[in-house]
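Given next are the chains, with one letter for each unit.
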Amino acid sequence: MTPKFIVFEGIDGAGKTTQIKLLKENLSRLGVNCYITAEPTDMPSGKIIREALSGRLPVSCAEMADMFVRDRVIHNKDAEKGIDSHLDCGVTVISDRYYYSSLAYQGAELGYERVAALNLDNPDIRTPDICVFLDLTPDKSLERIGKRADTPTEIYENYDYLEKTRRMFFDVFERLRERGENIAIIDASGTPEEIAEMIFDRVSPLFK
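All values reported here derive from a predicted model rather than from experimental measurement.

Q: Account for the sheet that holds strand β4 (residues 130-135), with residues named and values stated.
A: If you walk across this open sheet you meet the 5 strands as β2-β3-β1-β4-β5, and the pairing is parallel. Strand pairing shows two members of the sheet lacking a second neighbour, β2 (34-38) and β5 (183-187), which therefore form its edges. The mean angle between the axes of side-by-side strands here comes to 20 degrees, regardless of whether they run parallel or antiparallel. In the sheet, β4 pairs with β5 via 5 bridges, with the strands oriented parallel.

What follows is the structure in structure tokens.
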């Protein structure tokens, strides 16, 4: 069975962590071996980004976009943890965030074309087989974020920015669909089980 590269996206609080876990469980029943990863990575390049996202390391939006590209290339090419290495071993990769977040978050400030050139024209950055976007309103997002007692707030977690980013995601998807990308937009307001079923319906045909 040919391995696939699957990406989950969504504004904060959309439930990516839960749904990635459920998709891995559902795919295992098809005999699909999955590796779960995330951006920023847990490698040094990603840890610097996490410092910036927390507000502890002041950087400009342009610097942030460049930092993500460096981390993303390492995410693809690292010999041990890289996306390419797992796919080459026959393992399906599921990533929590990818270049869609850069196009939405940094693209909202710098312009789509500038961020797209850094990512989409980079030969070391792979195009996913499918992007699953968990769609949630900013109100619901903030409600869920507020229930995370043990998770620090990031610089992007406020209503205006979440609303702007959600709109930007839809603009990004419209552009990328024109390039032939496979985008699945899933209503993330239901129960975890309902959402997981909708996701599986969109992802499972990739393995037939």
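Back to the text.
Q: With reference to specific residues and values, describe the pairing of β4.
A: Burial analysis of β4 places 6 of its 6 residues in the buried class, the great majority of the element. Of the two faces of β4, the one carrying Ile 130, Val 132 and Leu 134 and the one carrying Cys 131, Phe 133 and Asp 135 are both buried. Bridge analysis of strand β1 (residues 5-9) against β4 gives 4 bridges, and the strand direction is parallel. Each residue of the ladder has a partner; that of Glu 9, found in β4, is Phe 133.

Q: Break down the packing of aromatic side chains for me, with residues and values.
A: Taken as a whole and judged by the stated rule, the model has 9 aromatic pairs. Judged by centre distance (6.1 Å) and plane angle (90 degrees), the rings of Tyr 105 and Phe 169 are edge-to-face. Of this pair, Tyr 105 sits in helix α5 (residues 99-105) while Phe 169 sits in helix α9 (residues 159-178), and the two are 64 residues apart along the sequence. Each member of the pair Tyr 105 and Phe 169 is classed as buried. Seen from their ring centres, Phe 133 and Phe 170 are 5.7 Å apart, and the 80 degrees between their planes marks the pair as edge-to-face. Linking Phe 133 in strand β4 with Phe 170 in helix α9, this pair joins segments that are 37 residues apart in sequence. Since its relative accessible area comes to 0%, Phe 133 is described here as buried. Among the aromatic residues, those joined into a cluster by ring pairs are Phe 5, Tyr 98, Tyr 99, Tyr 100, Tyr 105, Phe 133, Phe 169, Phe 170 and Phe 173. The ring centre of Tyr 98 lies 5.7 Å from the NZ or CZ of Arg 72, which sits over that ring. When the ring centre of Tyr 112 is taken as origin, the NZ or CZ atom of Arg 175, which lies over that ring, is 4.3 Å away.

Conventions and cut-offs
Residues numbered from 1 in each chain as written. Predicted model: local features only at pLDDT ≥ 70, side-chain atom pairs only at ≥ 80, totals over all residues. Heavy atoms only, no water. Pairing = 2+ DSSP bridges. Helix = DSSP H or I, 4+ residues; strand = E, 2+ residues; numbered from the N terminus. Axes fitted to C-alpha atoms, helices over the stretch in contact; angles between N-to-C directions. Buried < 20%, exposed > 50% of the residue type's maximum accessible area, 1.4 Å probe, protein only. Phe/Tyr/Trp six-rings, centres within 6.5 Å; stacked < 30°, edge-to-face > 60°. Lys NZ or Arg CZ within 6 Å of the ring centre and 35° of its normal.

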